[in-house]
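For reference, the chains in residue letters:
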Amino acid sequence: KHFSLSGGMGAALLKRPETIADIVKTLKRNLPLPVSCKIRLLDTEEQTVSLMQTLEKAGVDALSVHCRYVPQRSRTPAHQHMLGPLVRCVGVPVIGNGDVKTYREGREG
């Protein structure tokens, strides 16, 4: 985790949405495969929505939202109540991640 963040990788990219969008655009341009992106919750719902919409505009085919903030680990319960509004803010499939163990839990999130 520390290696990725200090190296500007992984969750550190969440602070640079245009860089993530450029990566998505490059992958879409060069691969004949669907492109998905996994993110974590940002400081506010508005920031998370903005990132998701930026990635959708960049051409991402699906998003996975880990319902925890960057510093949180699995011992902290996921904020699944935040998933519903995020699913509705974009037109691409959104996959919930973090403490989702059954289809029903995912649907109720």
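Residues numbered from 1 in each chain as written. Predicted model: local features only at pLDDT ≥ 70, side-chain atom pairs only at ≥ 80, totals over all residues. Heavy atoms only, no water.

> In this structure, what is going on with the side chain of S64? I would like to understand it.
Note on placement: S64 falls in strand 2 (residues 62-69). Residue classification places S64 among the buried positions, given a relative accessible area of 14%. Leaving out residues up to four positions away in the same chain, S64 has contacts with C37, K38, I39, I95 and N97. (Helix = DSSP H or I, 4+ residues; strand = E, 2+ residues; numbered from the N terminus. Buried < 20%, exposed > 50% of the residue type's maximum accessible area, 1.4 Å probe, protein only. Contact = heavy atoms within 4.5 Å.)

> For this particular structure, what's the right way to read the layout of surface pockets?
Gaps left between atoms are located by rolling a probe of water-molecule size over the structure's atoms. Taken as a whole, the largest pocket spans an internal volume of roughly 270 Å³. In terms of lining residues, the largest pocket is bounded by 15 residues, among which G10, A11, L14, K38 and I39 are the most central. Elements represented by at least two residues in the lining of the largest pocket include exactly helix 2 (17-30) and strand 1 (36-41). Examining the composition of the lining of the largest pocket, we find that five residues originate from one element, strand 1, more than from any other. A breakdown of the residues in the lining of the largest pocket according to their chemical character gives 10 nonpolar, three polar and two charged. Within this model, the second largest pocket holds a volume of roughly 230 Å³. Together, 14 residues line the second largest pocket, and L14, K15, L42, D43 and Q47 are the ones closest to its centre. Per-element tally for the lining of the second largest pocket: the top contributor is helix 3 (residues 45-58), with four residues. When the residues that make up the lining of the second largest pocket are grouped by side-chain class, the tally is nine nonpolar, three polar and two charged. (1 Å grid on protein atoms, 1.4 Å probe; cavity = no way out; pocket = protein on both sides within 12 Å on 5 of 7 lines; lining within 4 Å. Points joined across faces, edges and corners; volume = space filled by probe spheres on them. Nonpolar A, V, L, I, M, F, W, Y, C, P; charged D, E, K, R; others polar.)

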